[in-house]
Amino acid sequence: MNDEHLPPELRELEAELTAAFRAELPESLRPRVEKSRREEFGRRKNADRWRFAAAAAATALIWMNLSLCATSATDFFPQPSLGGSVDATAAARQLHEILPDLSPEEANMLCRKL
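Residues numbered from 1 in each chain as written. Predicted model: local features only at pLDDT ≥ 70, side-chain atom pairs only at ≥ 80, totals over all residues. Heavy atoms only, no water.

Explanation requested: the overall build of the protein in the structure shown.
If you tally the helices and strands in the protein, you get 4 helices and 0 strands. For the protein, the succession of helices and strands along the chain, N to C, is α-α-α-α. Buried residues in the protein amount to 6% of all 114 residues. (Helix = DSSP H or I, 4+ residues; strand = E, 2+ residues; numbered from the N terminus. Buried < 20%, exposed > 50% of the residue type's maximum accessible area, 1.4 Å probe, protein only.)

So, in structure tokens, the structure goes:
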């Protein structure tokens, strides 16, 4: 309430009540209270840091999982098909003719991978 509108008797009563209920800490308790306050705020900061670290780790794991799912479902390097009617040994023979440096075994291995 605004003190300007109070009568003098009520102002005096309010001052007495405020003085009666004012709790002053003894000087011996002040260091203990300060220590407790610092410890409590320190715990909250550590808890906030761990909560942030856990959220960041969970986000990174979800992102990695989604990335792996996307890369396994996407075909970045399409395999050329041989048309089904072309035999792998015939393709190996043609490849060996085009690239004579390749041995027939290497050409056959490359065509089987395709």
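Explain the pattern of salt bridges here, please?
Side chains carrying opposite charge are able to pair once their charged atoms draw close together. Scanning the entire structure with this criterion turns up 3 salt bridges. Of the charged contacts in the structure, one is a salt bridge between Arg30 and Glu27, with a shortest N-O distance of 3.8 Å. A salt bridge links Arg51 to Asp48; the nearest nitrogen and oxygen atoms lie 3.0 Å apart. Taken together, the residues Arg51 and Asp48, both in helix α2 (residues 30–73) and 3 residues apart, mark about one turn of the helix. Exposure remark for Asp48: the relative accessible area of 44% places this residue in the partly exposed category. (Salt bridge = Lys/Arg side-chain N within 4 Å of Asp/Glu carboxyl O.)

Would you explain the packing of helix α3 (residues 88–98) against helix α4 (residues 104–113) in this entry?
If you want to describe how two helices pack, look at the angle between their axes and the distance between the axes. Interaxial distance between α3 and α4 falls to 8 Å at its minimum, and their mutual angle equals 130°. With respect to each other, α3 and α4 are oriented oblique. Seen from above, α3 lies across α4 with right-handed handedness. In this structure, α3 contributes Ala88, Thr89, Ala91, Ala92, Leu95 and His96 to the contact, and α4 contributes Pro104, Ala107, Asn108, Leu110, Cys111 and Arg112. In the contact of α3 with α4, the residues fall into 8 nonpolar, 3 polar and 1 charged. (Axes fitted to C-alpha atoms, helices over the stretch in contact; angles between N-to-C directions. Parallel < 35°, antiparallel > 145°, perpendicular 65-115°, else oblique. Left-handed = near helix turned anticlockwise from the far one by under 90°. Contact = heavy atoms within 4.5 Å. Nonpolar A, V, L, I, M, F, W, Y, C, P; charged D, E, K, R; others polar.)

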